[in-house]
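# Residue-level structure breakdown
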Amino acid sequence: MAFANDYGPGYVGQLQGCCRLDGVDDCDCRIYCFFCDQDAAFRGYYDVARDMCLNYFDGLAVVGSAREHNAMKYYIKNNGLDNTDCVSKYGFWIGATDTKVEGHFVWQGTVLKDGYCWNSTEYNCWEPDELDNNTNLSEDGQDCAQLWFRPNRSDGNCDDEYCDVRPKGAICEIRIPHCDYAECGYDINTIPECPLA
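So, how was this worked out
- Residues numbered from 1 in each chain as written.
- Predicted model: local features only at pLDDT ≥ 70, side-chain atom pairs only at ≥ 80, totals over all residues.
- Heavy atoms only, no water.
- Helix = DSSP H or I, 4+ residues; strand = E, 2+ residues; numbered from the N terminus.
- Contact = heavy atoms within 4.5 Å.
- Areas by Shrake-Rupley, 256 points an atom, 1.4 Å probe, with all protein chains shown as cover.
- Expected span 1.5 Å × (residues − 1).
- Buried < 20%, exposed > 50% of the residue type's maximum accessible area, 1.4 Å probe, protein only.
- Arc of directions from axis to C-beta.
- Core = buried A, V, L, I, M, F, W, Y, C linked by side-chain atoms within 4.5 Å.
- Salt bridge = Lys/Arg side-chain N within 4 Å of Asp/Glu carboxyl O.

It is worth spelling out the overall build of the protein chain at this point. Scanning the protein chain from terminus to terminus reveals two helices and seven strands. For the protein chain, the α and β elements follow one another from N to C terminus as β-β-α-α-β-β-β-β-β. Taking as baseline every contact in the protein chain between residues at least 6 positions apart, the subset at least 24 positions apart corresponds to 70%. Accessible area for the protein chain stands at about 9100 Å²; split by element, carbon and sulfur atoms hold 45% of it.

Here you go:
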């Protein structure tokens, strides 16, 4: 299966590439696909990204371990996607929100882990001093999660962000049960491995 470059309103022409991570959750694999900034004309920025990832992939990416976090972070850094030419507002949407209970982030927009709570027993990718729910730009505060790449501030850690104030890039994921790429329609030779450093 080849990856297209037309993923509906908001992300037309923004796919920058994909990589694969084998051995997630002991036996499954992931393909992560990376998109630069969404079109600012399509408001509801987080919802547009979530819907696009659900319509064409398995949802926004879940950061469930240091290995998964590093695969995403280093793909972005190694391919120069952490600059303002790609993400002018410094981040990539990932699949967690705290819209139901403030401070309690839950994985949203994902097929297999919807409602899987992001708590202290799981991997913690948060930027120090974040989860601050800043309300300077929206009285609703910051309820959506991003991987944050801001010079002199964050190097790809998780951050709470306003859901509809600034357009962002997005990271979508595809889950490959038992790493059976062929069964799922993917040629493993056409998808590079994700860098882990």
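Right, let's talk about helix α1 (residues 45–56) for a bit. An ideal rise of 1.5 Å per residue puts 16 Å on twelve residues; α1 measures up with 17 Å between its terminal C-alpha atoms. For α1, the complete set of buried residues consists of Tyr45, Tyr46, Val48, Ala49, Met52 and Cys53. End-on view of α1: buried residues confined to an arc of 165°, all on one side of the axis. Structurally, α1 contributes buried residues whose contacts are with β2 (28–35), β3 (91–97), β5 (144–150) and β7 (169–176).

Turning to the nonpolar core, a few remarks are in order. Among the nonpolar cores identified, the biggest contains 29 residues, and Tyr32, Phe34 and Ile171 are the most heavily contacted of them. Sorting the residues of this core by element identifies β1 (15–24), β2, α2 (66–78), β3 and β5 as the ones contributing at least two each. In terms of residue count, α2 provides more of this core than any other element does, four residues in total. If you look at the next biggest cluster of nonpolar residues, it comprises 25 residues, including Cys18, Tyr46, Cys53 and Trp93.

Summed over the entire model, instances satisfying the criterion amount to eleven salt bridges. Two residues, Asp47 and Arg50, come together in a salt bridge whose shortest N-O distance is 3.1 Å. With Asp47 and Arg50 both in helix α1, this residue pair falls three residues apart, about one helical turn. Owing to a relative accessible area of 38%, Asp47 belongs among the partly exposed residues under this scheme. Among the salt bridges present, the one from Lys168 reaches Glu161, with a minimum N-O distance of 2.8 Å. A residue is classified by how much of its surface remains accessible, and Lys168, at 1% relative accessible area, is buried. What you see here is one network of salt bridges that share partners, running through Arg30, Asp58, Glu173 and Arg175.

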